[in-house]
Amino acid sequence: MEHWSATTIQAFRQTLLAWYDREGRDLPWRQDQDPYHVWVSEVMLQQTQVNTVIPYYLNFMATFPTVNDLASADQETLLKAWQGLGYYSRARNLQRAAQQVVQDYHGKWPETAAGLADLTGIGPYTSCAIASIAFGEVVPAVDGNAFRVFSRLLMIEDDIAKPQTRKLFEQIIQPIVDPTRPGAFNQAIMDLGSSYMTSKNPDTVHSPVREFDASFKADRVREFPLKTKAPRPKLIPYYAVIVQSPAGFLLTQRTAQEMLTGYWTFPLVTQTDLQDENTAEPASLDADIATLEHRWATEYQVPVKLSPVGGQPVSHTYTHQRWQVKLLVAVLAKTPTLTFYPGKWVSAEQIVDLPLPKVQEKIMARYEKQGHPGVFGVN
DNA sequence: GACTCGTGGTA
DNA sequence: TTACCAAGAGT
């Protein structure tokens, strides 16, 4: 691992910031240093690319112009504004933090990373990003870009997948951060990491800081950063139970104990959940349908006659799970009262007004293609 | 410290 | 299709 002298650090800052002033990106959240703007953008950008965030950010600011608007927003509006961005707990944590700022802090933001980190959804990276950009605190914002950029510049061989490695990078970067322009420094590292020092196809030859890049000089750029790979997603078979009545389709809202909390889907049940009622035998489709029909008749008191929908199951992959969803449909002549099932009837054309996760959109698209063209208007 | 938690893009 | 990546945080 390389070590920089004070002279090298000064030269690096000068080179980096001169490049940033010349070629730094003009992004919607860089119009000013309003902590609300910086905060919303930073949360949206967690594990999400800039080009994906831009339209969401613009719409979000039009919908919730101030932290007070966000704090008092109803959750359906909030989740709809976040639909498609993913990691949906970010949206709920964002509103919780807005309420903290308004109520606990009387609208006055904490101005240090340590203070900001007390707000829900603001962790070690985001606290430092906001503190440096909005309040000028001299702290390193250590995100994926910082890991990648500095692991290459200094040939740091520690595994960035290990939580412990963050502390090392913070210690290494802290004395390098420009004390006069910490926010610009951190954002410059991010711009560098998304242009010349990318993960795939880096263009280090033309990097403005190539003279500081030890891995480039050693022709070992592609070896950094070191990162152990994640396990592949686990396959989980699901059934989507599509129940239609004169009142529309039956939708249910994901609970706080489930992923996709607050979003609406057709009733979903895992295959394993059905097998627990019988034996441990690998159940056939017919057996699963029989089990489901029995459950809906007795537990929910909504008798249904289920039929499989043609075509391949809907496949949807998350970071750690791969869902394979088989579609089952039931058409009811009368609309049952939903006393024992936690859901509501929604007309076909109103479903898309609800906050929906991607997997629900895929299920609706598959249903349309299997003999019900255009009923939801998703294709 | 290891898991959980979304989606879109790219090789 | 598969694998991996992209401005991480909460539990």
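Calculation criteria
- Residues numbered from 1 in each chain as written.
- Chains lettered and ligands numbered in written order.
- Predicted model: local features only at pLDDT ≥ 70, side-chain atom pairs only at ≥ 80, totals over all residues.
- Heavy atoms only, no water.
- Phe/Tyr/Trp six-rings, centres within 6.5 Å; stacked < 30°, edge-to-face > 60°.
- Helix = DSSP H or I, 4+ residues; strand = E, 2+ residues; numbered from the N terminus.
- Buried < 20%, exposed > 50% of the residue type's maximum accessible area, 1.4 Å probe, protein only.
- Near = heavy atom within 4 Å.
- Polar contact = N/O pair within 3.5 Å; in protein donor to acceptor, adjacent residues only side chain to side chain.
- Nonpolar A, V, L, I, M, F, W, Y, C, P; charged D, E, K, R; others polar.
- Salt bridge = Lys/Arg side-chain N within 4 Å of Asp/Glu carboxyl O.

1. Side note on the packing of aromatic side chains
- Per the stated rule, a full pass over the model turns up 23 aromatic pairs.
- Ring centres of Trp29 and Tyr57 lie 5.3 Å apart, and the angle between their planes is 75 degrees; this geometry places the pair in the edge-to-face category. With Trp29 in the loop between helix H1 (6-23) and helix H2 (35-44) and Tyr57 in helix H3 (residues 50-63), this residue pair connects regions lying 28 residues apart in the sequence. For the pair Trp29 and Tyr57, a shared accessibility class is recorded, and that class is buried.
- Ring plane angle 50 degrees and centroid distance 6.0 Å describe the contact between Phe266 and Phe376, whose orientation is recorded as tilted. With a gap of 110 residues between them, Phe266 in the loop between strand E3 (264-265) and strand E4 (268-270) and Phe376 in the segment after helix H15 (358-369) connect regions that are remote in the sequence. Each member of the pair, Phe266 as well as Phe376, is classed as buried.
- Taken together, the aromatic side chains of Trp4, Phe12, Phe150, Phe185 and Phe212 make up a single cluster linked through ring pairs.

2. With respect to the protein's contact with DNA strand B
- Near DNA strand B lie 21 residues; those nearest to it are Tyr88, His316, Thr319, His320 and Lys358.
- Protein-proximal atoms of DNA strand B, defined as those within 4 Å of the protein, fall in sugar or phosphate at a share of 59%.
- Residue Leu260 places a main-chain N or O atom 2.9 Å away from a phosphate oxygen belonging to DNA strand B.
- Taken together, the residues of the surface near DNA strand B sort by class into 7 nonpolar, 12 polar and 2 charged.

3. Quick word on the protein's contact with DNA strand C
- By nearness alone, 27 residues border DNA strand C, and Gln47, Gly121, Asp143, Asn145 and Ser199 come closest of all.
- A distance of 2.6 Å separates a phosphate oxygen of DNA strand C from a polar atom in the backbone of Gln47.
- Measuring from a phosphate oxygen of DNA strand C, one finds a side-chain N or O atom of Ser199 at 3.3 Å.
- Contributions of two or more residues to the surface near DNA strand C are made by helix H8 (124-135) and helix H9 (144-153).

4. Regarding the pattern of salt bridges
- Evaluation of the coordinates by the stated rule reveals 12 salt bridges.
- Between Glu157 and Arg220 there is a salt bridge whose closest N-O contact spans 3.7 Å. Separated by 63 residues along the polypeptide, Glu157 in the loop between H9 and helix H10 (164-173) and Arg220 in the loop between helix H12 (214-217) and strand E1 (234-245) bring together distant segments of the chain.
- A residue is classified by how much of its surface remains accessible, and Arg220, at 26% relative accessible area, is partly exposed.
- One salt bridge in this structure joins Lys305 and Glu293, with 3.8 Å as the shortest N-O distance. In this pair, Lys305 is assigned in the loop between helix H14 (285-298) and strand E5 (307-308) and Glu293 in helix H14, connecting sequence segments 12 residues apart.
- Accessibility expressed as a relative area gives 19% for Glu293, which makes it buried.
- Taken together, the shared-partner salt bridges connect Arg25, Arg30 and Asp191 into one network.

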